[in-house]
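# Working through the structure, step by step
Below, each chain spelled out in residue letters.
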Amino acid sequence: MTRARHTDAFIARAQVLPAISVALAHPVSANVIEAAQEAALANLIIPVLVGPRGKIERAASDAQVDVSAWRLIDTEHSHAAAERACALVADGECKALMKGSLHTDELLRAVLAEPRLRTERRLSHVYLFDDPDYHKSFMVTDGAVNVAPTLAHKADIVRNAVALHKALAGAEAQPKVAALAAVETVNPDMIATIDAACLAKMGERGQLGDCLVDGPLAFDNAISADAAKEKGIHSSVAGDPDILLVPNLEAGNMLAKQLTFLGDAEAAAAVLGARAPIILTSRADGARTRLLSCALAVILAHADKPT
């Protein structure tokens, strides 16, 4: 099966690399402890638990996981846990950061407040999907961090995704990026179509890295060569994209959850644009997504260049 080939091979690739130390910010729920244990047993990560000791120990008890062998750094509350976890990564004691039982914005505020984790890039979220109805893995970005990205923001979102693709497929790879909108023609009343057309021209002129960008493309003619042909679209991206750039967070969030809950897709998730991988999954994500996300962080942490 396509999904098993892609995702199982992905985990196997990460397992041949040395396990990385991961700072878990505020892991005070059983499902986070369970995910950490599964990734540790798979020889992907070495968990470092950062948060209130009593709450972490209760969560471990609820999960029936013995965490006595893991390093535990006691903090007063979730804010302090996020700050301390970021400092561990900035100091080089941990190679990746993982969201525990706290809000995404709380964790990312701590990342942005730590100058040693910042780069010139804007932070962005990416889902790496493996869907049985598509012929290869592909990314959806950004469905979790940037609410209403501007054209400049979208350019950085593309650059981050391109860097991730190259970390996974090799520096010589040239990913295909579909800039999505509701329609495939430029409409002055629909800002997403204008942004997509601008990004296509920026890609053509090398402003987004080594990639092919086309847009605007509606989802059907982006993902299906037959749909593109039916509408008279001539594109090297249509029917074969590696990266789907969504116009805003709502579109990305709904697309990602539809692929997961109705499309039988499996996914890994990460935040890009910092100096270390950030494992950022939803509370609704299952154990498999969390494991795949840890595998993605391992591959990124061992890549030549940070994304």
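The structure under discussion appears in the preceding block.
The following paragraphs examine the structure supplied in this document. Just so you know, the residues in each chain are numbered from 1, in the order the chain's sequence is written. Side-chain atom pairs in this predicted model are given and counted only at pLDDT of 80 or more, local residue features only at pLDDT of at least 70, and totals for whole chains, interfaces and linings cover all residues. Heavy atoms from the whole structure form the basis of all side-chain values; hydrogens and water molecules are not counted.

### Re the overall build of the chain
For clarity, the cut-off: In this description a helix means any DSSP run of H or I spanning at least four residues, a strand means any run of E spanning at least two, and both kinds are numbered starting from the N terminus. Radius of gyration: C-alpha atoms only; globule rule: 2.2 Å multiplied by the number of residues to the exponent 0.38. Between two residues, a contact is recorded if the distance between any of their heavy atoms is within 4.5 Å. For accessible areas, the Shrake-Rupley method is used with a probe of radius 1.4 Å. Any residue's cover is judged against the shown protein chains and nothing else. Counted as positive: Lys and Arg. Counted as negative: Asp and Glu, with His and the chain ends omitted from the count. Taken as the charge location is NZ of Lys, CZ of Arg, CG of Asp or CD of Glu.
From N to C terminus, the chain includes 11 helices and 11 strands. Computed over the C-alpha atoms, the radius of gyration of the chain is 19 Å, within 12% of the 19 Å expected from 2.2 N^0.38 for a compact globule of 307 residues. If one aligns the C-alpha atoms of the chain with their principal axes, the spans along those axes are about 60 × 40 × 30 Å. Summarising the internal contacts of the chain: among those between residues at least 6 apart in sequence, 72% fall at separations of at least 24. Counting every atom, the chain has about 13400 Å² of accessible surface; 51% of that belongs to carbon and sulfur. Charged side chains in the chain number 30 positive and 37 negative. The centres of these two groups are separated by 4 Å.

### Some points on unusual backbone geometry
Residue aspartate 142 follows threonine 141 across a cis peptide bond; omega there is 5°. Residue position: aspartate 142 is located in the loop between strand 6 (138-141) and helix 6 (151-169). Cis geometry is found at the peptide bond from glycine 215 to proline 216, where omega equals 5°. At histidine 26, a residue that is not glycine, the phi angle is positive and equals roughly 60°. By the secondary structure assignment, histidine 26 is in the loop between strand 1 (20-25) and helix 2 (30-41). For asparagine 43, which is not glycine, the phi torsion reads 60° and is therefore positive. Looking at the element boundaries, asparagine 43 is found in the loop between helix 2 and strand 2 (45-51).

### Looking at the packing of aromatic side chains
Quick note on the threshold: A pair of aromatic rings is counted whenever rings of Phe, Tyr or Trp (Trp by its six-membered ring) have centres within 6.5 Å, and the orientation is called stacked for planes under 30 degrees apart, edge-to-face for over 60 and tilted otherwise. With a 1.4 Å probe rolled over the protein chains alone, any residue whose accessible area is under 20% of its type maximum counts as buried; one over 50% counts as exposed, and the rest are partly exposed.
A full pass over the atoms with the stated rule returns 3 aromatic pairs. Between tyrosine 127 and phenylalanine 129, the aromatic rings sit 5.4 Å apart at their centres with planes inclined by 35°, giving tilted as the arrangement. Judged on exposure class, the residue tyrosine 127 and its partner phenylalanine 129 are both buried. Where tyrosine 134 meets phenylalanine 138, the ring centres are 5.2 Å apart and the plane angle is 80°; that geometry is what we call edge-to-face. Take tyrosine 134: its relative accessible area is 7%, and that puts it in the buried class. One aromatic cluster in this structure is built from Tyr127, Phe129, Tyr134 and Phe138.

### Points about the side chain of serine 293
Counted only if it meets this: Polar contacts here mean pairs of N or O atoms no more than 3.5 Å apart (in protein, one a potential hydrogen donor and the other a potential acceptor; neighbouring residues in sequence count only if both atoms are side-chain atoms).
Within the element layout of this structure, serine 293 appears in helix 11 (residues 287-301). From its side chain, serine 293 meets the backbone oxygen of threonine 289 in a polar contact 2.7 Å long. Apart from the residues lying within four places of it in its own chain, the contact partners of serine 293 are Ala268, Ala269, Ile279 and Thr281.

### Regarding the packing of helix 2 against helix 3 (residues 53-63)
Condition: Where helices are involved, their axes are fitted lines through C-alpha atoms of the stretch in contact, as for all axes, and angles between N-to-C directions lie from 0 to 180°. Each angle is binned into one of four classes, with values under 35 degrees roughly parallel, values over 145 roughly antiparallel, values of 65 to 115 roughly perpendicular, and all other values oblique. Asp, Glu, Lys and Arg are counted as charged, while Ala, Val, Leu, Ile, Met, Phe, Trp, Tyr, Cys and Pro are counted as nonpolar; the rest, among them Gly, fall into the polar class.
One can describe the packing of helix 2 onto helix 3 by two numbers: an axis separation of 8 Å at closest approach and a directional angle of 70°. On the basis of the axis angle, helix 2 is roughly perpendicular to helix 3. Contacts between helix 2 and helix 3 involve Ala30, Ile33 and Glu34 from the first element and Ile56, Ala59, Ala60, Asp62 and Ala63 from the second. Considered class by class, the residues forming the contact of helix 2 with helix 3 number 6 nonpolar, no polar and 2 charged.

### So, the packing of helix 6 against helix 11
Where helix 6 contacts helix 11, the axes come no closer than 10 Å and their chain directions differ by 85°. Considering their axes alone, helix 6 and helix 11 lie roughly perpendicular with respect to each other. On helix 11, the residues touching Leu164, Ala167 and Leu168 of helix 6 are Leu296, Ile299 and Leu300. Looking at side-chain class alone, the contact of helix 6 with helix 11 contains 6 nonpolar, no polar and no charged residues.

### A look at the pattern of salt bridges
Convention followed: Think of a salt bridge as a Lys or Arg side-chain nitrogen and an Asp or Glu carboxyl oxygen that are within 4 Å of each other.
Enumeration according to the criterion identifies 16 salt bridges in this entry. Note that aspartate 242 is salt-bridged to lysine 136, the shortest N-O span being 2.9 Å. Note that aspartate 242 is positioned in the loop between helix 9 (225-230) and strand 9 (243-245) and lysine 136 in the loop between strand 5 (124-130) and strand 6, a separation of 106 residues in sequence. Under the relative-accessibility criterion, lysine 136 is labelled buried at 18%. The residue glutamate 184 makes a salt bridge to lysine 231 at a minimum N-O spacing of 3.5 Å. Of this pair, glutamate 184 sits in the loop between strand 7 (176-180) and helix 7 (191-204) while lysine 231 sits in the loop between helix 9 and strand 9, placing them 47 residues apart in sequence. The exposure class of glutamate 184 is partly exposed, given its relative accessible area of 24%. One connected set of salt bridges, linked through shared partners, spans Lys136, Lys176, Asp240 and Asp242.

### Observations concerning helix 11
Test applied: To estimate the expected span of a helix, count its residues, drop one, and scale the result by 1.5 Å.
Helix length check: helix 11 (15 residues) gives 21 Å between terminal C-alpha atoms against 21 Å at 1.5 Å per residue, within 8%. Burial within helix 11 is extensive, with 12 of its 15 residues counted as buried. Looking only at helix 11, the buried set comprises Thr289, Arg290, Leu291, Leu292, Ser293, Cys294, Ala295, Leu296, Ala297, Val298, Ile299 and Leu300.

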